[in-house]
Amino acid sequence: MTEAAPTAAPSTVRALTCTQCGGTLSLRAAGYTVSLVCEHCGATLDTTDPQLRIIARATTALRRPLIPLGSRGVLRGETWEVVGYLERSDGDGDWSEYLLFNPYQGYGWLIDDGRRFSYGFLLDRLPEMDGTQLVIDNGKSLDFYSGPYPAKVRFVVGEFYWRVAVGERVRVTDYVRPGTIVSCEENDSERTWSRMDLLNWGEAERAFGIQQRHPNTSTPSPQEPSPWRDRLVESLIIGAVAAFTLIVIAIIGSGSTRVASADFEAGLDGATRTVVIHNIDIPAHSSAIRISAQSDQLDNSWVDLDYSLVDRRTQQSFDAYGLAEHYHGSDSDGPWSEGNTRPDVRLSSIPPGSYDLVIELAAHRWVPYTSPDFYNARTVDPNPVPIPVTITVDRGGMFGGNVLLGLILIAIWPGFVFWRHYSFEKRRSGDLDADGDDS
Amino acid sequence: MKFSSIAYALFCLLVLAGFVQATRSGFSPFADGGARGMGGHGGSSFYGPTHK
Amino acid sequence: MFMANCPNCGAAISFRSINLPVRVCDYCHSSIVRSDAGLVSTGKVAEVPEDVSPLQIGVRGKDGAHSFELIGRVRWRWTDGGWNEWLALFDDGSTGWIGEAMGRYMLLREVPSTGPGNAVERSLREGKEVILGTEVMINWVKYRVTDVKQAVCAGSEGELPFNTPPGFAMPSVDLMADDGHCASIQKDGDTVQVYAGRYATLAELKPTGLRAFEGWPMPRFAA
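What you see is a predicted model; the values in this text were computed from it and never measured.

## Describing the overall build of chain B
- Summing up its helical and strand segments, chain B has one helix and one strand in all.
- Taken over 52 residues, chain B has a buried fraction of 27%.

## A few points about the interface of chain B and chain A
- The interface is formed by 35 residues belonging to chain B together with 40 residues belonging to chain A.
- Those elements that provide at least two residues to the side of chain B that touches chain A are helix 1 (3-25) and strand 1 (33-34) of chain B.
- Element by element, the count of residues in the side of chain B that touches chain A is highest for helix 1 of chain B, at 13 residues.
- Taken together, the residues of the side of chain B that touches chain A break down into 15 nonpolar, 15 polar and five charged.
- Pairing analysis gives two bridges linking strand 23 (residues 344-350) of chain A to strand 1 of chain B, with the strands arranged parallel. Note on strand 1 of chain B: the bridge partner recorded for leucine 347 of chain A is glycine 33 of chain B.

## Digging into the domain arrangement of chain A
- The domains assigned to chain A are domain 1 (14-225), domain 2 (227-254 + 398-439) and domain 3 (258-397).
- Placing the centre of domain 2 of chain A and that of domain 3 of chain A at their C-alpha centroids yields a distance of 42 Å.

## Side note on the pairing of strand 11 (residues 135-138) of chain C
Residue and element names in this part refer to chain C.
- Residues Val136 and Ile138 line the buried face of strand 11, whereas the alternating positions Glu135 and Met137 sit on a face that is not buried.
- Sheet topology note: the strand 11/strand 12 (residues 141-160) ladder contains four bridges and is antiparallel. The residue of strand 12 that forms the bridge with glutamate 135 is arginine 144.
- Count of turn residues in the strand 11/strand 12 antiparallel hairpin: two residues, of which asparagine 139 carries a positive phi of about 50°.

## Some points on the environment of methionine 218 of chain C
Residues and elements named next belong to chain C.
- For methionine 218, the position within the fold is in the segment after strand 15 (191-200).
- Given 14 C-beta atoms within a 10 Å radius, methionine 218 is considered partly exposed.
- Along the primary structure methionine 218 and proline 54 are separated by 164 residues, whereas in three dimensions their C-alpha atoms are 9.9 Å apart.
- Excluding anything up to four places from it in sequence, methionine 218 contacts Leu210 and Ala212.

## Here we look at the nonpolar core
All names here are of chain A.
- In terms of nonpolar packing, the biggest core is built from 50 residues, with Val303, Leu357 and Val389 touching the most fellow members.
- Built from parts of two domains, this core gets at least three residues from each of domain 2 (227-254 + 398-439) and domain 3 (258-397).
- Ignoring anything within four residues of it in the chain, the contact list for valine 303 reads Ala266, Ser295, Leu298, Ala324, Leu361, Ala362, Ala363, Ile387 and Val389.
- Counting 48 residues, the second largest nonpolar core, distinct from the first, contains Ile67, Val83, Tyr98 and Val164.

## Notes on the interface of chain C and chain A
- Contacts between the two partners involve 30 residues from chain C, matched on the other side by 26 residues from chain A.
- Its residues assigned to classes, the side of chain C that touches chain A comprises 13 nonpolar, eight polar and nine charged.

## Observations regarding the sheet that holds strand 24 (residues 353-365) of chain A
All names here are of chain A.
- The strand order across the open sheet formed by five strands is 18-24-20-21-22, and the pairing between neighbours is antiparallel. The outermost strands of the open sheet, each flanked by one partner alone, are strand 18 (273-282) and strand 22 (334-338). The average angle at which neighbouring strand axes cross in this sheet is 15°, direction not considered.
- Of the pairings in the sheet, the one linking strand 20 (residues 301-311) to strand 21 (residues 317-331) comprises 10 bridges and is antiparallel in character. Across the sheet, the residue bridging to valine 310 is serine 317, located in strand 21.

## Concerning the arrangement of the chains
- There are two pairs of chains in contact here; the most contacts are made by chains A and B.
- At the level of C-alpha atoms, the two units chain B and chain C stay apart, their nearest approach being 34 Å.

## A look at helix 3 (residues 400-428) of chain A
Residues and elements named next belong to chain A.
- In a regular helix each residue adds 1.5 Å, so 29 residues correspond to 42 Å; helix 3 covers 41 Å between its end C-alpha atoms and thus fits that length.
- Along its length, helix 3 shows its largest kink, about 35°, at isoleucine 412, and proline proline 414 lies within four residues downstream of that point.
- Looking only at helix 3, the buried set comprises Asn402, Val403, Gly406, Ile410, Trp413, Pro414, Val417, Ser423, Phe424, Arg427 and Arg428.
- Two residues or fewer after helix 3 comes glycine 430, characterised by a positive phi angle close to 90°.

## Some details on the confidence of the model for chain A
Residues and elements named next belong to chain A.
- Overall, the predicted model of chain A reaches an average pLDDT of 89, with 96% of residues at or above 70.
- No element of chain A has a lower mean pLDDT than strand 11 (residues 128-130), at 85, and none a higher one than strand 8 (residues 94-102), at 96.
- Taken as a whole, residues 432-439 scores under 50 in pLDDT and shows 11 contacts with residues more than four places along the chain or in a different chain.

## Structural notes on unusual backbone geometry
- Going from glycine 147 of chain A to proline 148 of chain A, the amide bond is cis rather than trans, its omega being -5°.
- By the element assignment, proline 148 of chain A lies in strand 13 (residues 141-160).
- For glutamine 315 of chain A, which is not glycine, the phi dihedral falls at a positive 60°.
- Topologically, glutamine 315 of chain A is positioned in the loop between strand 20 and strand 21.
- A positive phi angle is found at methionine 102 of chain C, which is not glycine, with a value near 55°.
- As for its position among the elements, methionine 102 of chain C is in the loop between strand 9 (95-101) and strand 10 (104-111).

## Digging into helix 1 of chain B
All names here are of chain B.
- Taking 1.5 Å as the rise per residue, helix 1 with 23 residues should run 33 Å; its terminal C-alpha atoms sit 33 Å apart, in good agreement.
- For helix 1, the complete set of buried residues consists of Tyr8, Cys12, Val15, Phe19, Ala22 and Thr23.
- Positive backbone phi, approximately 65°, marks glycine 26, located one or two places after helix 1.

## What to know about the environment of glycine 406 of chain A
- Among the secondary structure elements, glycine 406 of chain A is positioned in helix 3.
- Judged by C-beta crowding, with 24 C-beta atoms within 10 Å, glycine 406 of chain A ranks as buried.
- For the pair formed by glycine 406 of chain A and alanine 242 of chain A, sequence separation is 164 residues and the distance between their alpha carbons is 9.5 Å.
- Residues contacting glycine 406 of chain A, with those up to four places away along its chain left out, are Leu246 of chain A together with Val15 and Phe19 of chain B.

Cut-offs applied
- Counting starts from 1 at the beginning of each chain's written sequence and moves along it residue by residue.
- Chains carry letters and ligands carry numbers; both start at the beginning, A for chains and 1 for ligands, and go up in the order they are written.
- Since the coordinates come from a predicted model, pLDDT governs what is reported: local features require at least 70, and pairs of side-chain atoms require 80 or more to be given and counted, while whole-chain, interface and lining totals use all residues.
- The secondary structure listing takes helices from DSSP runs of H or I that are at least 4 residues long and strands from runs of E that are at least 2 residues long, numbered from the N terminus.
- Any residue with 12 or fewer other C-beta atoms within 10 Å of its own C-beta is exposed, any with 20 or more is buried, and the rest are partly exposed; the C-beta atoms used are placed from the backbone.
- Here, residues touch in the contact sense if the C-beta positions derived from the backbone fall within 7 Å of one another.
- In this classification, Asp, Glu, Lys and Arg are treated as charged, Ala, Val, Leu, Ile, Met, Phe, Trp, Tyr, Cys and Pro as nonpolar, and every other residue, Gly included, as polar.
- Should DSSP find at least two bridges between two strands, the strands are taken to pair.
- Domain borders in the structure are assigned automatically or taken from a domain database.
- Here a nonpolar core is just a set of buried residues of the types Ala, Val, Leu, Ile, Met, Phe, Trp, Tyr and Cys, joined wherever their C-beta atoms sit within 7 Å.
- Axis lines are fitted through C-alpha atoms, for helices just across the contact stretch, and the angle between N-to-C directions can take any value from 0 to 180 degrees.
- Multiply 1.5 Å by the residue count of a helix minus one, and that product is the helix's expected span.
- Note that the bend at a residue is defined as the angle between axes fitted to the seven residues ending at it and the seven residues starting at it.
- Confidence of the predictor at the level of single residues is captured by pLDDT, which takes values from 0 to 100.

So, in structure tokens, the structure goes:
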């Protein structure tokens, strides 16, 4: 049989004395740790040597990590102990990395980019390239983000499973998808792949007992998912359904009924004529009324149409003005013609009742300002040329302006969300032109 | 479902309800006249030929 | 299980395997060799240094459908670190090694040598340098050399297939394939041995009887 097991489970932490300064150190991963950097004097000690030989002395000022060495915390269901800490820089920015250890899980990493914490592991299986995308062993694909860029160790304290040293360099290439970065680090002798998942705001702080950080989106991390994306998808779906419903309602409600139609004549440059269309009925509920005039024989003349829709019982009058016109001529650009001979006038919310439509027609000849007749006083022609005008009245119909207004109102929120999402993504991808405000 | 999306859905419902009501009663702020439209002749609206 | 007395110190020691030649006495750390003349002590071997490995002699586990028990361990060291190799005795009497480094585990079985062997085997046999990145085929899988070390024995315990006298050293070459397969080729004296297998997590080994540590909860995967 094996030796009798100790009656008490041994601790993973062993006390050591620093060879350089005599300070007390803890060795937390005996058998795995290769170099231990003293937290008191910064000397690097060789833990594979029974004499704890000094490999290197401190070259940088000592710093205290935000999460102290030896801190234990539970991250996503696993207990971890902080055994090492290093700070690295890529020339533009700095970040911190905590080496986490659990005797049953091996090693993990907690990465702090100054804003967000990520939880990282070395990959056992090499990722594969699928076109321009990287695919890792859970089937997810990532897009190239940046690199290769150099990363250098600027500060180190605690214990590590490789011969860590300040100034150690690697070339890094990053691949991202929302919530995850996969990094490839290589130096002359080896290449390692690691995967880092973004932790939620507050997750690492609660696990290791440090101060909570407040969410902000001013400088998103490369793998940070857009906080606007879910809202954008939902608002687009709701907006599309609403817009579709609006258009269906518009189509259904766009029918109109012909109520009256009559032909009249106006006298060209003659006296104003007043005509009436009787008994225009609006039953039940208030409606829109469309008055269409058609005077296709107009030529270089126009007809003023003054409409009054008068309620026969209350004598309340709804007034509107229409203009049928047509002109043509020739100038330096060639022949031209313009004018609308079929004007529509639309009245809204006419209350139910029985109405008479009173129309005052006045047709006039058009005299160009270049003509000598322009400044002459107009005289009424006692025998005017008749200008035929057909008036039709329809009840109902759809106002295009209503539909457009409805669609614009529906589009306001998705438009706003899209703008916020787009400017977030521009900041995340490192574009400096985008807005810098917080959400 | 985010809270803002629920609020937006209610807003869309209001817009649609308003649209349905306007269609039923023939209302529009874009009309040339009528009980609630703009226009009416004289005063603010244009009168007369539109060509020089 | 076969019980006997240590020829050096008289303590009771057990043998689980039928044909492994070496047993390190748990009490006096002498290396006991099984021979036709019976059990012979061939001198003391280094004790395994203290570490925080969760494995220990007696841990049972599974490689897929095959069950094993850890019956021996050799600790190797090189200039920049060390690792454990645990001898696993399978239920059918065969053995394999579980290499443990940096919290990762390599399940390795011996690949019988045929003829002159692959490029790495030949280099080792001839005493030539092995180049990083050299590609070889083992059991129809392509491997690349990722590590070449001179490994020195830093201690041993339990039942072993070879003797580990003080200062025992051997060249050791690590290889990796793209799909999680790994291999190790070593030169023990004049014989070159090839081991191949795959990386596994501690959870995948379905271990029971893991070492307990104060303040560390046993993981969910360990019975």
